[in-house]
Amino acid sequence: MTEAAVEHVDILIIGAGPVGMTLHLALAAGGQKSLLLDRRPQQAQQTDPRALALSHGARELLEQINSWPTRAATPIETIHVSQKGGFGRTLIDRKEYDLPALGYVVRYRDLAGALASNLASDAVLAEAEILDITPDDDGVTVSLRHADQLRTIRTKLLVHAEGTPGDDPAVKVSDYDQHAVICEVTPTPGHNKRAWERFTPDGPLALLPLGDEYSIVFTLPPNKADAVMAMDDDAFTAALQQQFGQRMSFAKPGKRSRFPLFLRLRDTVVKGSQVWIGNTAQTLHPVSGQGFNLGIRDAWQLAEMLLENGVDRDPQGVPRWDGSLENYAASRRLDRQGSAFFTDRIVRTFSNDFGPLKLARGLGLLALDLCPPARHFVAKRMIWGARAWP
Ligand SMILES: Cc1cc2nc3c(=O)[nH]c(=O)nc-3n(C[C@H](O)[C@H](O)[C@H](O)COP(=O)(O)OP(=O)(O)OC[C@H]3O[C@@H](n4cnc5c(N)ncnc54)[C@H](O)[C@@H]3O)c2cc1C
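Residues numbered from 1 in each chain as written. Predicted model: local features only at pLDDT ≥ 70, side-chain atom pairs only at ≥ 80, totals over all residues. Heavy atoms only, no water.

With 7 bridges connecting them, strand S2 (residues 7-14) and strand S12 (residues 149-160) associate as parallel partners. Within the sheet, the bridge partner assigned to Leu12 lies in S12 and is Leu158. In this fold, S2 hands off to helix H1 (residues 18-29), which returns the chain to strand S3 (residues 35-37); that crossover is right-handed. (Pairing = 2+ DSSP bridges. Helix = DSSP H or I, 4+ residues; strand = E, 2+ residues; numbered from the N terminus. Right-handed = clockwise from strand over helix to strand, strands pointing away.)

See the structure below:
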């Protein structure tokens, strides 16, 4: 194994997932270079089973970096929200907001593919193993192994975009005691571009229109998720039908995958010359599809702030980011905490069978339906994120 001389890059981004790639491309659009680094081969993202509901706001940002996967995106025109075994329901319709769609459903792999297709051939060090990260007053030194070489990279700014964090004292963890079982099913009749969010005592059940299929996010306690994962296809569609009701029938379920669900919230997203964005800054429950929509706003705002402040270089030509990082952290606080609070409250209020709460939920859904300002607030959160706040 050989060791090369120290390399210098202005901005090093760990994690070439959708959030890391968005940051890289947004910076490149403003003329700022950065280097992405990922531990997986780039094509590994093509096996990710998730489908993501993206907000209209996320589409607008992706379009600006030519990374909107037009043909792979299915528009959501209406969202139906209800609870199993209780009254009350609300319907959110794109026509009230004068938009082509409330949001879109895209496979993770198609989104990652659209972003990756815009990367220069030397933009990512794939299959890189980080050996050490040493921050100091003037930047960060990262040691890594790549293609059988030991490399040392010196950067003025290290951005962490490596997805859901493991154990880290800086990250508060709250276990939902729920797992998401996901798969695609064929509905009869067709979905008519309607998404469903159905609250059940076991957890929320989401049906997202995707091509001719529904992408299902079936949230369950871990022991029930074990049972659902082990079922044959007929038993699985019957279990889904039982949670959803008889309004439509489901057939041909695809391969199932599961994800344990936690809220992981990082206390501070800026420390010295390091910044945390996307899922590594906050990993949310998938209810109401906020995760990537929040992560792309992190990436966008960081890029804007770094580009706006300009690259102030010291006499050696090395860039300084003084001040912009603290402004970034302050500017993301409301969106991060608001989104975490919003999803956490929904999960905890709706995932139980407690009689008085069920009544209150029914009244809440009815009120949302009858009270346009309240409904508009929820709809705008889905469409724009933090811009929904007054
Ligand atoms: C079941 C489910 C459904 C979801 N539905 C939605 C939805 O409808 N809408 C929505 O907006 N969000 C949704 N999300 C959340 C969404 O998937 C995430 O918010 C999004 O993928 C985060 O992107 P990211 O780039 O931050 O992280 P990731 O997608 O996890 O990418 C991180 C990258 O970093 C790399 N990496 C990790 N560790 C290292 C390391 N040590 N060194 C180098 N590289 C590393 C990984 O290989 C990966 O390529 C859902 C999540 C789940 C689990």
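Attention now moves to the environment of Leu284. Of note, Leu284 is situated in the loop between strand S21 (282-283) and helix H6 (291-308). Judged by its relative accessible area of 10%, Leu284 falls in the buried class. Between the alpha carbons of Leu284 and Phe262 there is a distance of 6.7 Å; along the sequence they are 22 residues apart. Discounting residues that sit within four places of it in the chain, Leu284 has contacts with Phe262, Leu263, Gln290, Leu294, Ser339, Ala340 and Thr343. (Buried < 20%, exposed > 50% of the residue type's maximum accessible area, 1.4 Å probe, protein only. Contact = heavy atoms within 4.5 Å.)

Here we take up the nonpolar core. Core analysis: the largest hydrophobic core is formed by 50 residues, its most contacted members being Leu23, Leu54, Leu62, Ile277 and Leu302. Here the element with the most residues in this core is H6; it accounts for 8 residues. In this view, Ile277 contacts Val19, Leu23, Val159, His160, Ala161, Asp298, Ala299, Leu302 and Tyr328; residues no more than four positions away in its chain are not counted. The next biggest cluster of nonpolar side chains, apart from the first, holds 31 residues, and it includes Val81, Tyr97, Leu208 and Leu263. (Core = buried A, V, L, I, M, F, W, Y, C linked by side-chain atoms within 4.5 Å.)

Remark: H1 packs on H6, axes separated minimally by 9 Å, with the N-to-C direction vectors making an angle of 25°. Judged on the interaxial angle alone, H6 and H1 are roughly parallel. When you trace H1 past H6, the crossing you get is right-handed. For the pair H1 and H6, contact is made by Pro18, Val19, Thr22, Leu23, Ala26 and Leu27 and by Phe292, Gly295, Ile296, Ala299, Trp300, Leu302, Ala303, Leu306 and Leu307, respectively. (Axes fitted to C-alpha atoms, helices over the stretch in contact; angles between N-to-C directions. Parallel < 35°, antiparallel > 145°, perpendicular 65-115°, else oblique. Left-handed = near helix turned anticlockwise from the far one by under 90°.)

Turning next to the sheet that holds strand S8 (residues 103-107). Read from one edge to the other, the open sheet built from 3 strands follows the order S4-S8-S5, with strand pairing classed as antiparallel. The open sheet terminates on both sides in strands that have one partner only, identified here as strand S4 (51-55) and strand S5 (74-76). With strand direction ignored, the average angle separating the axes of adjacent strands in the sheet is 30°. Strand direction decides the pairing type here: S5 and S8, joined by 3 bridges, are antiparallel.

Around the ligand sit 28 residues in total, of which Asp38, Arg50, Ala53, Tyr108 and Asn279 are the nearest. Arg40 places a side-chain nitrogen or oxygen 2.9 Å from an oxygen atom of the ligand. In isolation the ligand offers 1,000 Å² of accessible surface; the protein chains occlude 90% of this area. When its residues are assigned to classes, the shell around the ligand shows 13 nonpolar, 10 polar and 5 charged. (Near = heavy atom within 4 Å. Polar contact = N/O pair within 3.5 Å; in protein donor to acceptor, adjacent residues only side chain to side chain. Areas by Shrake-Rupley, 256 points an atom, 1.4 Å probe, with all protein chains shown as cover. Nonpolar A, V, L, I, M, F, W, Y, C, P; charged D, E, K, R; others polar.)

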